[in-house]
Amino acid sequence: MTEEFYVSLLYELHLFDDHVLSHHQRKALLPAESKKLLTEGNTDLILGNQLLNDGDTESVVIDRFNHYVVVCNKENPLASLKKLSLYNFYSAAHASCQSVMPGGLLIEDNEIFPFSSPRCGNRNIAYRSDSLNGIVNVVEKSAMIAIIPEKLARFYIVHKKHNLAMLALPDELTLKPQCTYASWLRKSKKYDSLKELTGMLQTISSFRK
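The shown structure was predicted, so the numbers you read here are calculated from the model rather than taken from an experiment.

Right, let's get into the pattern of salt bridges. Summed over all chains, the structure comprises 10 salt bridges. Between lysine 35 and aspartate 56 there is a salt bridge whose closest N-O contact spans 2.9 Å. Here aspartate 56 lies in the loop between strand 1 (46-48) and strand 2 (57-65) and lysine 35 lies in helix 2 (residues 31-39), a separation of 21 residues in the sequence. Look at lysine 35 and you get partly exposed, because its relative accessible area is 22%. For glutamate 58, the salt bridge identified is with arginine 186, shortest N-O distance 3.5 Å. On the criterion of sequence distance, the pair formed by glutamate 58 in strand 2 and arginine 186 in the loop between strand 10 (178-185) and helix 6 (191-205) is long-range, its members being 128 residues apart. The exposure class assigned to glutamate 58 is buried, which follows from its relative accessible area of 14%.

Shown next, in the form of C-alpha coordinates:
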(Lines give C-alpha, C1' and ligand atoms only; values in the text may rest on other atoms or scores of the structure.)
Protein backbone atom coordinates (compact mmCIF):
# COMPACT_ATOMS: atom_id res chain seq x y z
CA MET A 1 0.00 0.00 0.00
CA THR A 2 2.79 2.42 0.88
CA GLU A 3 4.48 2.23 -2.49
CA GLU A 4 1.40 2.08 -4.69
CA PHE A 5 -0.85 4.51 -2.85
CA TYR A 6 1.60 7.01 -1.30
CA VAL A 7 4.90 6.96 -3.19
CA SER A 8 3.03 6.95 -6.51
CA LEU A 9 1.57 10.33 -5.52
CA LEU A 10 5.02 11.83 -5.94
CA TYR A 11 5.59 10.80 -9.56
CA GLU A 12 3.82 13.80 -11.09
CA LEU A 13 5.69 16.32 -8.90
CA HIS A 14 9.05 15.73 -10.64
CA LEU A 15 10.50 15.01 -7.20
CA PHE A 16 12.78 12.40 -8.69
CA ASP A 17 14.58 15.06 -10.72
CA ASP A 18 16.31 16.19 -7.51
CA HIS A 19 16.01 13.25 -5.11
CA VAL A 20 16.59 9.50 -5.09
CA LEU A 21 14.11 7.47 -3.05
CA SER A 22 14.92 3.93 -1.95
CA HIS A 23 11.77 2.13 -0.79
CA HIS A 24 11.89 -0.95 1.44
CA GLN A 25 8.76 -2.83 2.48
CA ARG A 26 8.81 -4.38 5.94
CA LYS A 27 6.23 -6.32 7.89
CA ALA A 28 4.73 -4.83 11.04
CA LEU A 29 7.48 -3.82 13.46
CA LEU A 30 7.53 -3.06 17.15
CA PRO A 31 8.07 0.64 17.93
CA ALA A 32 11.57 -0.13 19.24
CA GLU A 33 12.45 -1.87 15.96
CA SER A 34 11.19 1.07 13.92
CA LYS A 35 13.16 3.52 16.03
CA LYS A 36 16.28 1.38 15.65
CA LEU A 37 16.00 1.61 11.85
CA LEU A 38 15.93 5.40 12.13
CA THR A 39 18.71 5.79 14.68
CA GLU A 40 21.12 3.38 12.97
CA GLY A 41 20.87 5.29 9.71
CA ASN A 42 19.24 2.47 7.73
CA THR A 43 16.07 4.49 7.17
CA ASP A 44 15.29 8.21 6.99
CA LEU A 45 11.49 8.04 6.96
CA ILE A 46 8.98 5.41 8.09
CA LEU A 47 5.42 5.32 6.77
CA GLY A 48 3.10 3.10 8.76
CA ASN A 49 0.39 2.94 11.40
CA GLN A 50 2.71 3.39 14.39
CA LEU A 51 2.91 6.70 16.22
CA LEU A 52 6.60 7.26 17.00
CA ASN A 53 6.61 10.50 18.92
CA ASP A 54 9.16 10.88 21.72
CA GLY A 55 12.20 13.01 22.44
CA ASP A 56 14.14 11.58 19.50
CA THR A 57 11.46 10.98 16.86
CA GLU A 58 8.66 13.02 15.35
CA SER A 59 5.47 11.75 13.67
CA VAL A 60 2.77 13.45 11.62
CA VAL A 61 -0.52 12.02 10.35
CA ILE A 62 -0.58 11.42 6.59
CA ASP A 63 -4.03 9.84 6.46
CA ARG A 64 -6.85 8.90 8.81
CA PHE A 65 -9.16 6.08 7.74
CA ASN A 66 -12.54 6.50 9.46
CA HIS A 67 -14.82 4.89 6.91
CA TYR A 68 -14.63 1.26 5.78
CA VAL A 69 -16.50 -0.71 3.15
CA VAL A 70 -16.79 -4.28 1.97
CA VAL A 71 -15.49 -5.02 -1.54
CA CYS A 72 -16.38 -7.99 -3.72
CA ASN A 73 -16.18 -9.02 -7.37
CA LYS A 74 -18.73 -7.17 -9.52
CA GLU A 75 -20.08 -10.56 -10.65
CA ASN A 76 -20.67 -11.68 -7.08
CA PRO A 77 -24.42 -11.86 -6.27
CA LEU A 78 -23.69 -9.67 -3.23
CA ALA A 79 -22.63 -6.85 -5.57
CA SER A 80 -26.28 -6.01 -6.23
CA LEU A 81 -26.70 -4.97 -2.59
CA LYS A 82 -25.99 -1.49 -1.27
CA LYS A 83 -25.41 -2.76 2.25
CA LEU A 84 -24.30 -6.16 3.46
CA SER A 85 -26.54 -7.95 5.94
CA LEU A 86 -25.05 -9.35 9.12
CA TYR A 87 -25.88 -12.87 7.92
CA ASN A 88 -24.04 -12.37 4.62
CA PHE A 89 -21.09 -10.78 6.40
CA TYR A 90 -20.52 -13.76 8.69
CA SER A 91 -21.38 -16.46 6.15
CA ALA A 92 -19.18 -15.15 3.32
CA ALA A 93 -15.53 -16.17 2.98
CA HIS A 94 -13.21 -13.25 3.81
CA ALA A 95 -9.81 -12.22 2.53
CA SER A 96 -8.00 -10.51 5.40
CA CYS A 97 -4.95 -8.24 5.64
CA GLN A 98 -3.03 -9.68 8.57
CA SER A 99 -0.32 -7.10 9.14
CA VAL A 100 -1.88 -3.77 8.14
CA MET A 101 -4.07 -3.38 11.22
CA PRO A 102 -2.22 -4.68 14.31
CA GLY A 103 -3.34 -4.43 17.90
CA GLY A 104 -6.25 -6.84 18.15
CA LEU A 105 -9.59 -7.12 16.43
CA LEU A 106 -10.50 -4.40 14.00
CA ILE A 107 -14.20 -5.11 14.37
CA GLU A 108 -16.28 -4.19 17.40
CA ASP A 109 -19.39 -6.32 17.05
CA ASN A 110 -21.36 -4.49 19.76
CA GLU A 111 -22.06 -7.70 21.70
CA ILE A 112 -23.75 -9.51 18.82
CA PHE A 113 -22.22 -12.63 20.30
CA PRO A 114 -21.66 -13.16 24.04
CA PHE A 115 -18.01 -12.72 24.99
CA SER A 116 -17.83 -16.42 25.89
CA SER A 117 -19.19 -17.51 22.50
CA PRO A 118 -16.68 -19.27 20.20
CA ARG A 119 -18.01 -17.06 17.37
CA CYS A 120 -17.40 -13.79 19.21
CA GLY A 121 -15.82 -11.51 16.62
CA ASN A 122 -14.99 -14.43 14.33
CA ARG A 123 -15.18 -14.29 10.56
CA ASN A 124 -14.83 -17.01 7.96
CA ILE A 125 -11.26 -16.20 6.90
CA ALA A 126 -10.35 -18.05 3.70
CA TYR A 127 -7.25 -16.07 2.71
CA ARG A 128 -4.68 -14.03 4.65
CA SER A 129 -1.97 -11.84 3.18
CA ASP A 130 0.48 -9.10 4.11
CA SER A 131 -0.23 -7.48 0.73
CA LEU A 132 -3.24 -5.26 0.14
CA ASN A 133 -2.70 -5.79 -3.60
CA GLY A 134 -2.91 -9.52 -2.95
CA ILE A 135 -6.18 -9.08 -1.07
CA VAL A 136 -7.70 -6.98 -3.87
CA ASN A 137 -6.58 -9.42 -6.57
CA VAL A 138 -7.93 -12.52 -4.83
CA VAL A 139 -11.28 -10.82 -4.13
CA GLU A 140 -11.52 -9.74 -7.77
CA LYS A 141 -11.01 -13.34 -8.95
CA SER A 142 -13.15 -15.19 -6.39
CA ALA A 143 -16.36 -15.11 -4.37
CA MET A 144 -14.55 -13.74 -1.30
CA ILE A 145 -15.18 -10.36 0.29
CA ALA A 146 -12.78 -8.04 2.13
CA ILE A 147 -13.02 -5.02 4.42
CA ILE A 148 -10.81 -2.10 3.43
CA PRO A 149 -10.92 1.68 3.99
CA GLU A 150 -13.34 3.37 1.61
CA LYS A 151 -10.61 5.70 0.35
CA LEU A 152 -8.46 2.74 -0.71
CA ALA A 153 -11.45 0.95 -2.24
CA ARG A 154 -12.15 3.96 -4.47
CA PHE A 155 -8.47 4.11 -5.41
CA TYR A 156 -8.49 0.50 -6.63
CA ILE A 157 -11.84 0.86 -8.42
CA VAL A 158 -11.45 4.33 -9.99
CA HIS A 159 -7.70 4.67 -10.54
CA LYS A 160 -6.57 1.05 -10.84
CA LYS A 161 -9.73 -0.10 -12.69
CA HIS A 162 -10.27 -3.25 -10.63
CA ASN A 163 -13.52 -5.11 -11.25
CA LEU A 164 -14.86 -4.54 -7.73
CA ALA A 165 -18.08 -3.39 -6.11
CA MET A 166 -18.33 -1.49 -2.81
CA LEU A 167 -20.93 -2.34 -0.18
CA ALA A 168 -21.69 -0.70 3.15
CA LEU A 169 -20.97 -2.70 6.29
CA PRO A 170 -23.84 -3.98 8.45
CA ASP A 171 -25.10 -1.34 10.88
CA GLU A 172 -24.32 -3.63 13.81
CA LEU A 173 -20.56 -3.49 13.18
CA THR A 174 -18.17 -0.69 14.14
CA LEU A 175 -14.60 -0.52 12.90
CA LYS A 176 -11.76 1.21 14.67
CA PRO A 177 -10.27 4.27 12.88
CA GLN A 178 -6.68 3.85 11.72
CA CYS A 179 -4.02 6.43 10.90
CA THR A 180 -1.01 6.39 8.61
CA TYR A 181 1.97 8.22 10.11
CA ALA A 182 5.25 9.50 8.73
CA SER A 183 8.06 9.36 11.31
CA TRP A 184 11.66 10.56 11.29
CA LEU A 185 14.47 11.60 13.65
CA ARG A 186 14.25 15.15 14.96
CA LYS A 187 18.03 15.54 14.52
CA SER A 188 18.10 14.03 11.02
CA LYS A 189 20.45 15.80 8.60
CA LYS A 190 17.63 15.52 6.07
CA TYR A 191 15.04 17.05 8.40
CA ASP A 192 13.97 19.87 6.07
CA SER A 193 13.66 17.53 3.07
CA LEU A 194 11.66 15.02 5.13
CA LYS A 195 9.28 17.73 6.32
CA GLU A 196 8.81 18.88 2.72
CA LEU A 197 8.21 15.32 1.52
CA THR A 198 5.61 14.54 4.18
CA GLY A 199 3.90 17.85 3.49
CA MET A 200 3.57 16.82 -0.16
CA LEU A 201 2.12 13.44 0.84
CA GLN A 202 -0.38 15.06 3.18
CA THR A 203 -1.53 17.58 0.57
CA ILE A 204 -1.86 15.20 -2.37
CA SER A 205 -3.42 12.32 -0.43
CA SER A 206 -6.13 14.69 0.85
CA PHE A 207 -7.37 15.04 -2.75
CA ARG A 208 -7.98 11.29 -3.07
CA LYS A 209 -11.52 10.86 -1.82
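Within the structure shown, the criterion is met by five aromatic pairs. By the ring-pair criterion, three or more aromatic residues cluster together here, those being Phe5, Tyr6, Phe155 and Tyr156.

Moving on: helix 4 (residues 132-140). Among all positions in helix 4, only Leu132, Gly134, Ile135, Val136, Val139 and Glu140 are buried. Buried residues along helix 4 sit in contact with strand 3 (68-73), strand 4 (93-97), strand 6 (124-129), strand 7 (145-149), helix 5 (150-159) and strand 8 (164-167). At the N-terminal boundary of helix 4, the capping side chain belongs to serine 131, with an oxygen 3.3 Å from the backbone nitrogen of asparagine 133.

Attention shifts here to the sheet that holds strand 10. One open sheet accounts for three strands, arranged 1-10-2; its pairing is antiparallel. Either end of the sheet is taken by a strand with one partner, and the two such strands are strand 1 and strand 2. Ignoring strand direction, the axes of neighbouring strands in this sheet form an average angle of 15°. Examined bridge by bridge, strand 1 and strand 10 share three bridges and lie antiparallel to one another. When the bridges of strand 10 are listed, glycine 48 appears paired with tyrosine 181.

Of note, the phi angle at lysine 161 is positive, near 60°, even though the residue is not glycine. Tracing the chain through its elements places lysine 161 in the loop between helix 5 and strand 8. You can call lysine 161 exposed: its relative accessible area is 65%.

Right, let's talk about the environment of asparagine 88 for a bit. As for its placement among the helices and strands, asparagine 88 is situated in helix 3 (residues 86-91). For the pair asparagine 88 and leucine 78, spaced 10 residues apart in the sequence, the C-alpha separation amounts to 8.3 Å. Once residues within four sequence positions are removed from consideration, asparagine 88 is found in contact with Leu78 and Leu81.

Further remarks concern a nonpolar patch on the surface. Together, Tyr11, Phe16 and Leu21 make up an exposed nonpolar region whose accessible area comes to about 290 Å². Structurally, the position occupied by tyrosine 11 is in the loop between helix 1 (2-6) and helix 2.

Attention now goes to helix 5. Within helix 5 the residues assigned to the buried category are Lys151, Leu152, Ala153, Phe155 and Tyr156. Positive phi appears at lysine 161, one or two residues downstream of helix 5, with a value of about 60°.

With that out of the way, let us pick up the confidence of the model for the protein. Mean pLDDT over the protein: 84, with 87% of residues reaching 70 or higher. When mean pLDDT is taken per element in the protein, strand 8 scores highest with 98 and strand 5 (residues 107-108) scores lowest with 62. This stretch, residues 100-105, has a pLDDT under 50; its non-local contacts, to residues over four places away or in other chains, come to 10 contacts. Below pLDDT 50 for its whole length, residues 114-120 participates in six contacts with residues either more than four positions away or in separate chains.

Thresholds applied
- Residues numbered from 1 in each chain as written.
- Predicted model: local features only at pLDDT ≥ 70, side-chain atom pairs only at ≥ 80, totals over all residues.
- Heavy atoms only, no water.
- Salt bridge = Lys/Arg side-chain N within 4 Å of Asp/Glu carboxyl O.
- Helix = DSSP H or I, 4+ residues; strand = E, 2+ residues; numbered from the N terminus.
- Buried < 20%, exposed > 50% of the residue type's maximum accessible area, 1.4 Å probe, protein only.
- Phe/Tyr/Trp six-rings, centres within 6.5 Å; stacked < 30°, edge-to-face > 60°.
- Contact = heavy atoms within 4.5 Å.
- Polar contact = N/O pair within 3.5 Å; in protein donor to acceptor, adjacent residues only side chain to side chain.
- Pairing = 2+ DSSP bridges.
- Axes fitted to C-alpha atoms, helices over the stretch in contact; angles between N-to-C directions.
- Patch = residues over 30% accessible without salt bridge, like charges linked within 9 Å, V, L, I, M, F, W, Y side chains within 5 Å.
- Areas by Shrake-Rupley, 256 points an atom, 1.4 Å probe, with all protein chains shown as cover.
- pLDDT = per-residue confidence, 0-100.

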